[in-house]
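An overview of the molecular structure
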Amino acid sequence: MWRVRRAAVACEVCQSLVKRSSGTKGSLPLQKLHLVSRSIYHTHHPTLKLQRPQLRTSLQQFSSLTSLPLRKLKLSPVKYGYQPHRNFWPARLAARLLKLRYLILGSAVGGGYTAKKTFDQWKDMIPDLSDYKWIVPDIVWEIDEYIDLEKIRKALPNSEDLAKLAPDFDKIAESLSVLKDFFTTGSPGETAFRATDPGSESDKRYRKGLLGELILLQQQIQEHEEEARRAAGQYSASYAQQKRKVSDKEKIDQLQEELLHTQLKYQRILERLEKENKELRKLVLQKDDKGIHHRKLKKSLIDMYSEVLDVLSDYDASYNTQDHLPRVVVVGDQSAGKTSVLEMIAQARIFPRGSGEMMTRSPVKVTLSEGPHHVALFKDSSREFDLTKEEDLAALRHEIELRMRKNVKEGCTVSPETISLNVKGPGLQRMVLVDLPGVINTVTSGMAPDTKETIFSISKAYMQNPNAIILCIQDGSVDAERSIVTDLVSQMDPHGRRTIFVLTKVDLAEKNVASPSRIQQIIEGKLFPMKALGYFAVVTGKGNSSESIEAIRDYEEEFFQNSKLLKTSMLKAHQVTTRNLSLAVSDCFWKMVRESVEQQADSFKATRFNLETEWKNNYPRLRELDRNELFEKAKNEILDEVISLSQVTPKHWEEILQQSLWERVSTHVIENIYLPAAQTMNSGTFNTTVDIKLKQWTDKQLPNKAVEVAWETLQEEFSRFMTEPKGKEHDDIFDKLKEAVKEESIKRHKWNDFAEDSLRVIQHNALEDRSISDKQQWDAAIYFMEEALQARLKDTENAIENMVGPDWKKRWLYWKNRTQEQCVHNETKNELEKMLKCNEEHPAYLASDEITTVRKNLESRGVEVDPSLIKDTWHQVYRRHFLKTALNHCNLCRRGFYYYQRHFVDSELECNDVVLFWRIQRMLAITANTLRQQLTNTEVRRLEKNVKEVLEDFAEDSEKKVKLLTGKRVQLAEDLKKVREIQEKLDAFIEALHQEK
């Protein structure tokens, strides 16, 4: 270095010397000067045949100047004037030295270029050894952890020390100033003649001075070299002596401290670069979002993989195709810090928190991926929660808690149903984690008795997957012997090939544990029978639930920077902080994915082939319709059947409405209106009684009964259309669904509230009319009355037969006998019939003395009866007698229309009962017509609307569809659809994985 600097100074001196000599002022023209003088004054003059290159001084020329042999120069005698062969040996010596500089510089440049070209050729011939990097031991790549290169660099002499050893170039410049003064002293002509005069005293003195200066310069250079060697030796001796003074212990402590500071420094640099990278990626992703309408964004690998896991979670593995795809399963004791570790990895406080109580009540699958914004969203929802806003974080935690409580069934504490959550943000490590409920040792009050066993079964179900990565969380602030989860993990992964052990709350552990080596034993897995791929120690905050992720990360970094665990090498730098944990888990996750995903895809291909073969053999002529497609087909059929209600003819509606309404009110008409009115003595009293009872009936019961009949009729017609077979096209797989839709629609349907009011007015006006216009209506009323009375008489005969038992014909033909009670009823009936024969116009009720007479007559024959039995028997006997009498009277009234038109004047025949039944019949017809209009105009449309609402509700209820659409055919189609979807997603994921690789 100092030789280079010395050469540079020499070059500057020579160049300044030439410039000053060429710029010497004088009055002589250039053509009159001596040749050498002209070469000195103007080296590039056009009359000069030999032009020298520009003066330069090389490193080797100047450094070897003092070692040149000094010989006496013979100068040829010259004469004054213009003599072309006159020599000037100092100028020629300087010119030769300067010429040598060009040769050395050109050789250096050419040699350097040739060396570089040769080196590039050798470099191309060397094979690429990056594929054999694994052969080199890890100690080579981690050599900076064991050798302090920074300290070695500091031990070497710095530039200031080397500068002290370099020669004093100022003195060298002063020594060479004589040469410069030689060319600048006097006029140019005088200088030239004096320099070429060998006999002059000044020339001799000058040569002696020049030689003296050169010798002095050589001596100074040698002195500086000697001084530099002595200084280097002294420095080496002092450094060795100082090095020997440092003890081994102090050296180790110093190296460890320097190593820790270096690692922390690079850690901060790496975090700063990652932060910048995160911001840049965020800008890039935001730019992609702005152009989302121009091109379709490609799904990320982790999103594609998460979709595969979501489909697999709903797949019923009834064909021995198990889900062996990797995911990170987070297990640990209750309150060990599982959720806090997961939140640090996700960089957001997204989970509900509680002090000591169980908060994770069902598995939560969290898919981490990169995105321009830090957001979270559920699989079955489109709402995005902004994780940078505290309001959205609180809403997200509340939503997760509600979903957990919804999944937990009544009488249980935890649920195996999984909640799927996607978290996106810049800089997040791509992976899929499943947070499981914490393992407990004791069931406390308020928990279900089987809570402990349920948590164990859920944890085992996830850890049984041979490709699942188990993230075992252990609380460092409690005794290791109290841990439950380590035994469970050891059972599921005894060799530790897919387990990562994480010790949380290390800050509390360092304060509370008396022996720090115990923490080291925990980290190294010496206190547990469990083995693991890696061991990590993290700090998840100070225990305050309001701490932010940034505050926790700063506290964690500050703790480990000052922790004795790192200073004493109990922990390595790559084993601490959640950031290093996240990187390690992500690397392990993707390594496991790449190793197992293709094998899983092959297994689903085999399953798909088996399912397709089974479908072709069992249902060769049917399309493969899954449950949703079958539901859509059934939905269309049901809506078509509802529309067919509007195609029912008005005549059919009125007939069934009139018949149904009469069946509903016939008992009330005969028992409460006709029979009491028939007991009167004259027609005036009969009509008055009928009018009063009809008015009361219309005001209170009749409209409501009519609406009920109409609603039931609509239900019956709707059910008939829904359930009647459609021939060969009928598919019985829809029967349960149609029945459920019918029941739910009918339950929701309500008749118009104003229908009863309008119907009451119409019915009241119809019953007020007594005018029969023609004989046809009269005959129709008689026919209607006969049918009603005959039906009632038939019912009465059946009631009497059941009361008294079979008659003598049935006893002889069918070998039937009467019971003792039936015999008593038979004797009572016979006695009452005798009394009616004596008085055919007997009233409807028995007097007390008549009851006594009948009872005594029966007792005389040895039959003991109760007065209530006599009354019950009399009711049926009298009804039969009255109905027979009314039928006989009805036959007499067939020819009474003429007397009716004359208001039964001058006639003993009175047919007021026929008029009553005509009024009832007309009211039924008008009511049926009114109800038919309400049905076709309003209620059928409302029923269709209700059916659509029910179908929409069923379409959103997966459990309802599973319950109503069942069978081997449905299940086979469902499995076939799921397997195809899984295989397609796996193939797309594998293709994207290969492209990324």
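Bear in mind the structure is a predicted one, so any value in this text is a computation, not a measurement.

**Remarks on the overall build of the chain**
- Helix and strand counts for the chain come out as 37 helices and nine strands.
- Out of the 997 residues in the chain, the part that is buried amounts to 42%.
- Residue pairs in contact within the chain that sit at least 24 positions apart in sequence constitute 79% of those at least 6 positions apart.
- About 57,300 Å² of surface is accessible on the chain, with carbon and sulfur atoms providing 52% of the total.

**Observations regarding the state of the cysteines**
- For the coordinates displayed, the defined rule picks out one disulfide.
- Covalently, Cys893 is tied to Cys911 through a disulfide, its sulfur atoms 2.1 Å apart. Negative torsions about the S-S bond denote left-handed disulfides, and the value of about -100° found for Cys893 with Cys911 makes this one left-handed. One end of the pair, Cys893, is in the loop between helix H33 (867–892) and helix H34 (897–901); the other, Cys911, is in the loop between H34 and helix H35 (912–956), with 18 residues separating them in the sequence.
- By relative accessible area, which is 0% here, Cys893 ends up buried.
- A residue is classified by how much of its surface remains accessible, and Cys911, at 0% relative accessible area, is buried.

**A short note on the packing of helix H26 (residues 702–723) against helix H28 (residues 755–768)**
- Between H26 and H28, whose axes approach to 9 Å, the crossing angle comes to 115°. As summarised for this structure, H26 and H28 are arranged roughly perpendicular, according to the angle between their axes. Seen from above, H26 lies across H28 with right-handed handedness. Across from Leu702, Pro703, Asn704, Ala706 and Val707 in H26, the residues of H28 making contact are Glu756, Leu759, Arg760, Gln763 and Leu767.
- Looking at the contact of H26 with H28, its residues break down into six nonpolar, two polar and two charged.

**Digging into the side chain of Asp475**
- Within the secondary structure, Asp475 is located in strand S7 (residues 469–475).
- A relative accessible area of 10% places Asp475 in the buried class.
- Polar side-chain contacts of Asp475 include one of 3.4 Å to the side chain of Lys505.

**So, a positive patch on the surface**
- There is a patch of like positive charges on the surface, built from Lys736, Lys747, Lys960 and Lys963.
- With respect to the element layout, Lys747 can be found in helix H27 (residues 735–748).
- By relative accessible area, Lys747 is classed as exposed at 64%.

**Looking at the packing of aromatic side chains**
- Under the defined criterion, the tally for this structure stands at 15 aromatic pairs.
- Measuring from centroid to centroid gives 6.5 Å for Tyr878 and Phe882, while their planes differ by 20°, and the two rings are stacked. One end of the pair, Tyr878, and the other, Phe882, are both in helix H33, four residues apart, so they sit about a helical turn from each other.
- Overall, the relative accessible area of 11% leaves Phe882 in the buried class.
- Pairwise contacts between aromatic rings join Trp662, Tyr674, Phe784, Trp874, Tyr878, Phe882 and Phe917 into one cluster.
- Of note, Arg403 hangs over the ring of Phe378, and the distance from its end group to the ring centre comes to 4.0 Å.

**Considerations on unusual backbone geometry**
- With phi around 55°, Lys505 is a residue other than glycine that occupies positive phi space.
- Tracing the backbone through its elements, the reader meets Lys505 in the loop between strand S8 (499–504) and helix H18 (506–512).
- With relative accessibility at 22%, the residue Lys505 sits in the partly exposed group.
- The backbone phi angle of Thr577 is positive, close to 75°, even though this residue is not glycine.
- Here Thr577 lies in the loop between helix H21 (564–567) and helix H22 (578–618).
- We classify Thr577 as buried; its relative accessible area is 12%.

**As for helix H17 (residues 485–492)**
- Burial within H17 is extensive, with six of its eight residues counted as buried.
- When H17 is considered as a whole, its buried residues turn out to be Val485, Thr486, Leu488, Val489, Ser490 and Met492.
- Against the buried residues of H17 lie strand S1 (328–332), helix H16 (451–463), S7 and S8.

**Examining the pattern of salt bridges**
- This structure, assessed with the given rule, holds 39 salt bridges.
- The partner of Arg942 in a salt bridge is Glu939, and the shortest N-O contact between them spans 3.3 Å. One end of the pair, Arg942, and the other, Glu939, are both in helix H35, three residues apart, so they sit about a helical turn from each other.
- With a relative accessible area of 1%, Glu939 lands in the buried category.
- Between Glu944 and Lys948 there is a salt bridge; the shortest N-O distance is 3.9 Å. Of the two residues, Glu944 and Lys948 are both situated in helix H35; the distance of four residues between them amounts to about one turn of the helix.
- On the accessibility criterion, Lys948 (40% relative accessible area) is partly exposed.

**Comments concerning the confidence of the model for the chain**
- Looking at the chain, pLDDT values average 75 and 68% of them are 70 or higher.
- With pLDDT under 50 throughout, residues 1–86 is counted as low confidence; its partners more than four residues away or in other chains account for 134 contacts.

**Some points on the nonpolar core**
- One finds Trp662, Tyr674, Trp697, Trp778, Ile920 and Val947 to be the most contacted residues of the largest nonpolar core, which totals 101 residues.
- When residues in this core are grouped by element, the largest group, 17 residues, is from H35.
- Sequence-distant contacts of Tyr674, that is, excluding residues within four places in its chain, are made with Val669, Phe686, Met785, Leu789, Phe882, Ala886, Asp913, Leu916 and Phe917.
- Grouped together as the second largest cluster of nonpolar side chains are 67 residues, Val308, Leu325, Leu433 and Leu986 included.

**Quick look at a nonpolar patch on the surface**
- Residues Trp808, Trp812, Leu813 and Tyr814 make up a contiguous nonpolar surface patch of about 620 Å² in total accessible area.
- Overall, the relative accessible area of 62% leaves Leu813 in the exposed class.

**Some words on the sheet that holds strand S3 (residues 375–378)**
- The nine strands are arranged S4-S3-S5-S2-S6-S1-S7-S8-S9 in an open sheet whose pairing can be described as mixed. Across the chains shown, the open sheet's two edge strands, defined by having one partner strand only, are strand S4 (385–386) and strand S9 (534–537).
- As judged from the five bridges shared by strand S2 (residues 364–369) and strand S6 (residues 431–435), these two strands associate in the antiparallel manner. Along S6, the bridge assignment pairs Leu368 with Met431.
- Here helix H14 (residues 338–346) sits on the sheet in contact with S1, S2, strand S5 (419–424), S6, S7 and S8, set at roughly 160° to S6.

**Remarks on the UniProt feature "coiled-coil region" (unreviewed entry) in the chain**
- Under the UniProt annotation, "coiled-coil region" (unreviewed entry) lies at residues 207–290 and 933–960.
- Within residues 933–960, the helical portion is 96% and the strand portion 0%, while the C-alpha atoms at the span's ends are 36 Å from each other.

**So, the pairing of S9**
- Covered by surrounding structure in S9 are Gly534 and Phe536 together with Tyr535 and Ala537, the residues of both alternating faces.
- Two strands pair when backbone bridges link them, and S8 and S9 are joined in this way by four bridges, in the parallel orientation. Note that in S9 the partner of Ile500 across the bridge is Gly534.

**A look at the environment of Asp507**
- Tracing the chain through its elements places Asp507 in helix H18.
- Classification of Asp507 by relative accessible area gives buried; the value is 4%.
- Each C-alpha atom of the pair Asp507 and Val539 lies 6.5 Å from the other, and the pair is 32 residues apart in sequence.
- Other than its neighbours up to four places away in sequence, Asp507 contacts Val539, Gly541, Tyr555 and Phe559.

Thresholds, definitions, all that
- Numbering of residues starts from 1 in every chain and runs along the sequence as written.
- At least 70 in pLDDT is required for a residue's local features to be given in this predicted model, at least 80 for side-chain atom pairs to be given and counted, and no such filter applies to totals for whole chains, interfaces and linings, which use all residues.
- For side-chain calculations, the full set of non-hydrogen atoms in the structure is used, while hydrogens and water are omitted.
- Here a strand is any run of E in DSSP of at least two residues, a helix any run of H or I of at least four, and the numbering for each starts at the N terminus.
- Think of it in three bands: with a 1.4 Å probe and only protein chains considered, a residue is buried below 20% of the maximum accessible area for its type, exposed above 50%, and partly exposed in between.
- Only heavy atoms matter for contacts: two residues are in contact if any of them lie within 4.5 Å across the pair.
- The Shrake-Rupley method, run with a 1.4 Å probe, gives the accessible areas here. Residue values count only the displayed protein chains as cover.
- Any two cysteine sulfur atoms lying within 2.5 Å of each other are counted as a disulfide.
- Note on method: axes are straight lines fitted to C-alpha atoms, helices fitted across the in-contact stretch only, with angles between N-to-C directions ranging 0 to 180 degrees.
- Any angle between 65 and 115 degrees counts as roughly perpendicular, while under 35 counts as roughly parallel, over 145 as roughly antiparallel, and the rest as oblique.
- Handedness of a crossing is defined here by the sense of rotation of the near helix relative to the far one, left-handed for an anticlockwise turn of less than a right angle and right-handed for a clockwise turn.
- Following the grouping adopted for this structure description, the nonpolar residues are Ala, Val, Leu, Ile, Met, Phe, Trp, Tyr, Cys and Pro, the charged ones are Asp, Glu, Lys and Arg, and the polar ones are all others, Gly among them.
- Polar contact is the term for a pair of N or O atoms within 3.5 Å; when the atoms are in protein, one must be able to donate a hydrogen and the other to accept it, and sequence-neighboring residues count only if both atoms are side-chain atoms.
- Every patch collects residues that have over 30% relative accessible area and no salt bridge, joining them within 9 Å if they carry like charges and within 5 Å if they are nonpolar side chains (Val, Leu, Ile, Met, Phe, Trp, Tyr).
- Here, a salt bridge means any side-chain nitrogen of Lys or Arg that lies within 4 Å of a carboxyl oxygen of Asp or Glu.
- In summary, the charge assignment counts Lys and Arg as positive and Asp and Glu as negative, without counting His or the chain termini.
- Where a charge lies is defined by one atom per residue type, namely NZ (Lys), CZ (Arg), CG (Asp) and CD (Glu).
- Stacked, tilted and edge-to-face are the three classes applied to pairs of Phe, Tyr and Trp rings, where Trp contributes its six-membered ring and a pair requires centres within 6.5 Å; stacked means planes under 30 degrees apart, edge-to-face means over 60, and tilted covers the rest.
- The criterion for a charge sitting over a ring is simple: Lys NZ or Arg CZ within 6 Å of the ring centre, and within 35 degrees of the ring normal.
- Known as pLDDT, the predictor's per-residue confidence is scaled from 0 to 100.
- Residues enter a nonpolar core if they are buried and are Ala, Val, Leu, Ile, Met, Phe, Trp, Tyr or Cys, with the set joined through side-chain atoms within 4.5 Å.
- When DSSP locates at least two bridges between a pair of strands, those strands are taken to pair.
- UniProt positions are given in the numbering used here, feature names are shortened, and annotations may be inferred rather than shown by experiment.

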